[in-house]
Every structure is written in C-alpha cells, then in structure tokens.
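Topology and contacts: notes
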Amino acid sequence: MTEVIDCPYVENDDLLRQYLAGTVADSDAEEFERHLFACDRCREEVEQGLAVRAALQRPAHGSLLRWRFPSVTFAAAAAAVILVAIGLWQMRSAEPTVPQPVRGSERGITASARLANGAFTTIWQPNPSARQYVVQLFTADGTPLQSVHTSENKATVPLGSIPRGKTIYWKIQALDENGTVIGSSELQRITISR
Amino acid sequence: MPRHSTPKALVHPLIKRENPEILSATADRSPDALAAELTERFWLRLRLFAARRLRDRNQADDVAQETIRRVLEALRENRVENLDALPAFVFQTARNICLHHGRSAHRETGALRRLKSSQPIMSSEEDDPLTGLIDRSRRAQVRDALEQMRPDDRDLLRLLYVEGLETAEVASRLGIDAGTLRVRKHRALLRLAAIVGGGNVSGRAGTEGEA
C-alpha cells in the first residue's frame, strides 16, 4: 500500500536545506514557504532540520565547552588528538602562509560575507586574543581556492576566474601568536551570481 | 505539480495529515478552540516565514500573532470562501503583514537601513534568523539526543542540516547513491524523533520567545 504525497520536495530536498541554511534565493524561498504552509511533510522536516541545525551549530556564547566535549570519552579522544597535533606541529618547520592545524581553546567567530565587484568581501567579530586571521575559500569538493592572512577583522579576496553560478565555501580562522587556531567561523557557502 | 508515491513505511510517523476539522464546522467552534487549532497548525510556519523576512524574532512573533488574529476574524465573518485554500489565505495574510512591517521599519530606520545595505549579506550564528527560533532548552534536548545516536547517523544529519551540503555531495562523501542517502536520512530522523520522545523535535513548546 502506498500513500501519495503531493510534494515536489520529496525527491529533491536540497531546496529545503538551502532554505534552512538561508542560502536560497528570495523568490525560491517564498515559493517554498507557500508550499510549506500546506505541506505537513515538509513542515515536519523543516522542524527537525531546524532543530538539528540549532543544536549542532556552535553557540556564539555559553556552553561551548559542553558542546566541544559532550562526554568523557570524546573529551579524552579530543585531548589525545590535540596532543598528537601539537607534537607534529613542533616537529615541522614553520610555514607562516599555511594555517596551523593546532587548535587551542577555540571560540566561534561570527562572520558574514558578500560578493561585489568580482571580489569576496568578509567581515567578522574580532577575537581579542587573535594576532591574525586566515580567510579560506574552497570549492565544493574541498579544494582550496584562496587563503588570505590579515591582522584586521575584514578582508577582500578577488575571485579571479571562478565561473559565475559557482558555489564557493569559506571560513575564517583566528590564530594566536603561535599560529594556533583559537577561533573559527562555521564553514559557509555563497554562490556567485550569474 | 508532480506526484510522488512514497511507501507507507517511509512516511514519518510524526507527520500528521492536515487537520480536516478546521476546514469544516468553523461556525460551531468557540473562538478559543478555533484560535488554538490555527495556532497549532500555522504557528511555526508563520514564525519561519516572518523571521526570514524581518530577521527579528520578536517581530516574527508579532506577525504570527497578528496573522492568526486576522485569519480567525476572517473565518468567523465567513470571508474565507474556499476553506481548502486556507493555507494560501494564511500565507497571503502573513505576507501582507510582513510587507507592512517592512514599510514601517523602512520609514523609521531609513538611515540605519542604508548603512546596513553596505554591510555583508550573509551572516552566521546569531544572525541566523531561523535557528534563532529554537530555544536553548530544545537545542540541549536535541543535542543530547544526537549524542545518543550512532555516529554515522549524527554525521549524516550534520552534513545535511548544519553544513547544508547538497544531496549529491553528501552521497558522494559517504560513498552511497542519492536514494540510499534519502532512506538513511529518513531513518536517522525517525531515530532522532524516537530518542527525543516521540514528540516534534522542534515543536511549538520548544521555540524561543513563546509564552
């Protein structure tokens, strides 16, 4: 026995998640919302996806430690990874142009970005302990596109020959005087308009 | 609009069919009962709709309340001729109220808006208007539930809903096809709902700023 659902988003649910992420165009978002008012299935997934997103998003304030280390087992594993990473980092020569993988007590960075005049411009809340920041742009498969270091809390990165319509991913990392990552934004994405 | 058949077993048990009672006999219902039904059915939708446009949780609550009030009034005055189109009527009412809010905000804060227009168009965390609707206790409840889930389920939900990756990309990363991914997603959401307690994961009681 089957149940027929009149829902164009059953098979293609990318738009639903883009809606939750705030990355869908206004016209598409409104069309989806018009559908959402009548579709219980989509409402249910929106409710659940929103809750998952809110629960797993790094909080700007508050219970960061709890989220980072939700259990003793995980805390121990994380500590071991950090110790190994510190050891590896100390063994290698300094490469000032590459963000260091070592992570200290990390805080979230609230960042935002826009595309204008063929460049990616981003601004973020400064971290008082940061000596410099790294702005990183990636392709969808994780290939680095650009990496820019700056001591300011904003940066503009020329997009060069990236085709129109492409989605790029970006994040900001804050580094202390040792090059340790002490803060990071969420990995976000932005689409270059056609 | 295409019609898709979904096996019954894959229909989420938390999905309720639209409440047919509200589409009939509205005249027999007390104002309180009708308002409660409208609120139950449309509250989250209205807040999502308004929060995305106005980027303000409090204003979103105002819009939701005002929409419910106007729709209730229209129902009681028999101004909604086709009750099958009630969702569209609610949508359009909310849209009009949002437009009014937008115009008011524009008049009152023109200078500020011009300043904001030179600011970035994307933002994260605190500026996320939709996730801001989920209150802290609900976040903690869902986070606890996620921690009890299998790591592969948790990772899948994170890739889909937090990273916001497209189906094809997540499927590629996990080495599965898109159909398998959809089934795994559906089952993961079922397990999450079961752990949370069988209620809506982000139900009305758990959204921020409600009385």
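Residues numbered from 1 in each chain as written. Chains lettered and ligands numbered in written order. Predicted model: local features only at pLDDT ≥ 70, side-chain atom pairs only at ≥ 80, totals over all residues. Heavy atoms only, no water.

Moving on to the packing of helix H3 (residues 40-56) of chain A against helix H8 (residues 178-196) of chain B. Relative orientation of the contacting elements H3(A) and H8(B) amounts to 70°, with a least axis distance of 11 Å. By the criterion of interaxial angle, the relationship of H3(A) to H8(B) is roughly perpendicular. Contacts from Arg41(A), Glu45(A), Gln48(A) and Val52(A) of H3(A) reach H8(B) at Lys185(B), Leu189(B), Leu192(B) and Ala193(B). Within the contact of H3(A) with H8(B), the residues separate by chemical class into four nonpolar, one polar and three charged. (Axes fitted to C-alpha atoms, helices over the stretch in contact; angles between N-to-C directions. Helix = DSSP H or I, 4+ residues; strand = E, 2+ residues; numbered from the N terminus. Parallel < 35°, antiparallel > 145°, perpendicular 65-115°, else oblique. Contact = heavy atoms within 4.5 Å. Nonpolar A, V, L, I, M, F, W, Y, C, P; charged D, E, K, R; others polar.)

Quick look at the packing of helix H2 (residues 26-36) of chain A against helix H1 (residues 31-54) of chain B now. Remark: H2(A) packs on H1(B), axes separated minimally by 10 Å, with the N-to-C direction vectors making an angle of 170°. The pairing of H2(A) with H1(B) is recorded here as roughly antiparallel in orientation. Here Asp26(A), Ala29(A), Glu30(A), Glu33(A) and Leu36(A) of H2(A) lie close against H1(B), whose contacting residues are Arg45(B), Leu48(B), Phe49(B), Arg52(B) and Arg53(B). In terms of residue class, the contact of H2(A) with H1(B) is built from four nonpolar, no polar and six charged.

Looking now at unusual backbone geometry. Residues and elements named next belong to chain B. Positive phi is not limited to glycine here, since Arg 55 has a value of about 55°. Along the chain, Arg 55 falls in the loop between H1 and helix H2 (57-76). Note on Arg 55: relative accessible area 48%, which makes it partly exposed. Even without being a glycine, Asn 78 presents a positive backbone phi close to 55°. When you line up the elements, Asn 78 lands in the loop between H2 and helix H3 (86-108). (Buried < 20%, exposed > 50% of the residue type's maximum accessible area, 1.4 Å probe, protein only.)

This paragraph deals with the pattern of salt bridges. This model, assessed by the stated rule, comprises 24 salt bridges over all chains. Among the ionic pairs, Arg17(A) bridges to Asp13(A), the shortest N-O distance being 3.2 Å. With its nearest N and O atoms 2.7 Å apart, the salt bridge here joins Arg53(B) to Glu33(A). Of the two residues, Arg53(B) is situated in helix H1 and Glu33(A) in helix H2; the pairing between them involves two chains. Overall, the relative accessible area of 1% leaves Glu33(A) in the buried class. Salt bridges sharing partners connect three or more residues here, namely Asp13(A), Asp14(A), Arg17(A), Arg41(A), Glu45(A) and Lys185(B). (Salt bridge = Lys/Arg side-chain N within 4 Å of Asp/Glu carboxyl O.)

Detailed reading of the predicted model is not advised wherever pLDDT is low. Residue and element names in this part refer to chain B. Across chain B, the average pLDDT comes to 74, with 67% of residues at or above 70. Across residues 111-126, confidence stays below pLDDT 50; counting only partners more than four residues off in sequence or on other chains, it has 37 contacts. In this model, residues 199-211 is a region of pLDDT below 50 whose contacts with residues beyond four sequence positions or in other chains number 48 contacts. Listed scores for the predicted complex are pTM 0.54 and ipTM 0.73. (pLDDT = per-residue confidence, 0-100.)

This part is about the nonpolar core. In terms of nonpolar packing, the biggest core is built from 71 residues, with Phe32(A), Leu48(B), Leu146(B), Leu157(B) and Leu192(B) touching the most fellow members. At 12 residues, H1(B) tops the list of elements feeding residues into this core. By size, the runner-up hydrophobic cluster in this structure holds 20 residues, among which are Phe120(A), Trp124(A), Ile162(A) and Ala174(A). (Core = buried A, V, L, I, M, F, W, Y, C linked by side-chain atoms within 4.5 Å.)

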